[in-house]
Amino acid sequence: MFKYLCPDLYMTNILDINPALLKSMGVRGIICDLDNTIIPWDEDILQTEIIDWFATLKAADFKLCLLSNSLHNRVNGIAQILEIDAIPAAIKPRKGAFRKAVDRLGVDPREIVVIGDQLFTDIFGGKRLALKTILVHPIAEKELFWTLFVRRFERLVLTGLRRRGLLNDQD
Ligand SMILES: [Mg+2]
């Protein structure tokens, strides 16, 4: 079970994920979560730093696709600003939408990384398809009641992984 919940990397700040790091991991394609990974779930405006981060990755020739459980309007609106592909209403961690994202990227699955803030959706979903994964700290403190509930279990798993020396923690 742990192997499906253990991210390849655990980063405090998504902005520290740069082309050199991704290349060292053998990555060419990126499946990126939306809410609380690149934007607080209750906001619609992207930070300039995040827009620049995507521009840098695109300029370095990485293929990008947003994969979000949020609804079409929100996801597509943000994807348009970033000028990247997106799959809304993904029902992560189900495999279907992850497979679709892999197809859209057109990159060997072994060269794809999933970046997201949630263990049980982003990391678990990516690992089920044997993709690389990077867990990032959530961008906002404020979260939905349900998310806060899930975070308690995430913390238990992360503590377990850390104790076993399995967590590649970049803090
Ligand atoms: Mg998220």
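Keep in mind that what you see is a predicted model, and the values were worked out from it rather than measured.

### A look at the pairing of strand 5 (residues 112-116)
With 5 of its 5 residues buried, strand 5 lies for the most part within the structure. Of the two faces of strand 5, the one lined by Ile112, Val114 and Gly116 and the one lined by Val113 and Ile115 are each fully buried. Inspection of the sheet shows strand 2 (residues 29-32) paired to strand 5 by 4 bridges, in the parallel sense. By the bridge assignment for strand 5, Gly29 is matched with Ile112. With 4 bridges joining them, strand 5 and strand 6 (residues 132-136) adopt parallel strand pairing.

### Some words on the coordination of the magnesium ion
Taken together, Asp33 (OD), Asp35 (O) and Asp117 (OD) make up the protein donors of the magnesium ion, found 2.1 to 2.2 Å from the metal. In primary sequence terms, the donor set of the magnesium ion follows D-x1-D-x81-D. One end of the pair, Asp33, is in the loop between strand 2 and helix 3 (48-59); the other, Asp117, is in the loop between strand 5 and helix 6 (119-128), and 84 residues separate them in sequence. Each member of the pair, Asp33 together with Asp117, is buried.

### Quick word on the side chain of Lys127
Along the chain, Lys127 falls in helix 6. Residue classification places Lys127 among the buried residues on the basis of a relative accessible area of 16%. Setting aside chain neighbours within four positions, we find Lys127 in contact with Lys3, Tyr4, Cys6, Asp8 and Thr133.

### Section: the pattern of salt bridges
Applying the stated rule across the entire model yields 12 salt bridges. The shortest N-O distance in the salt bridge between Lys92 and Asp33 comes to 2.8 Å. Taken together, the residues span a long stretch of sequence, with Lys92 in the loop between strand 4 (85-87) and helix 5 (95-105) and Asp33 in the loop between strand 2 and helix 3 at a distance of 59 residues. According to the relative accessible area criterion, Lys92 is buried, its value standing at 7%. For Asp33, a relative accessible area of 7% corresponds to the buried category. Through salt bridges with shared partners, a single network forms among Asp33, Lys92 and Asp122.

The rules behind these values
- Residues numbered from 1 in each chain as written.
- Predicted model: local features only at pLDDT ≥ 70, side-chain atom pairs only at ≥ 80, totals over all residues.
- Heavy atoms only, no water.
- Buried < 20%, exposed > 50% of the residue type's maximum accessible area, 1.4 Å probe, protein only.
- Helix = DSSP H or I, 4+ residues; strand = E, 2+ residues; numbered from the N terminus.
- Pairing = 2+ DSSP bridges.
- Donors = N, O, S within 2.8 Å, 3.2 Å for Na, K, Ca; no water.
- Contact = heavy atoms within 4.5 Å.
- Salt bridge = Lys/Arg side-chain N within 4 Å of Asp/Glu carboxyl O.

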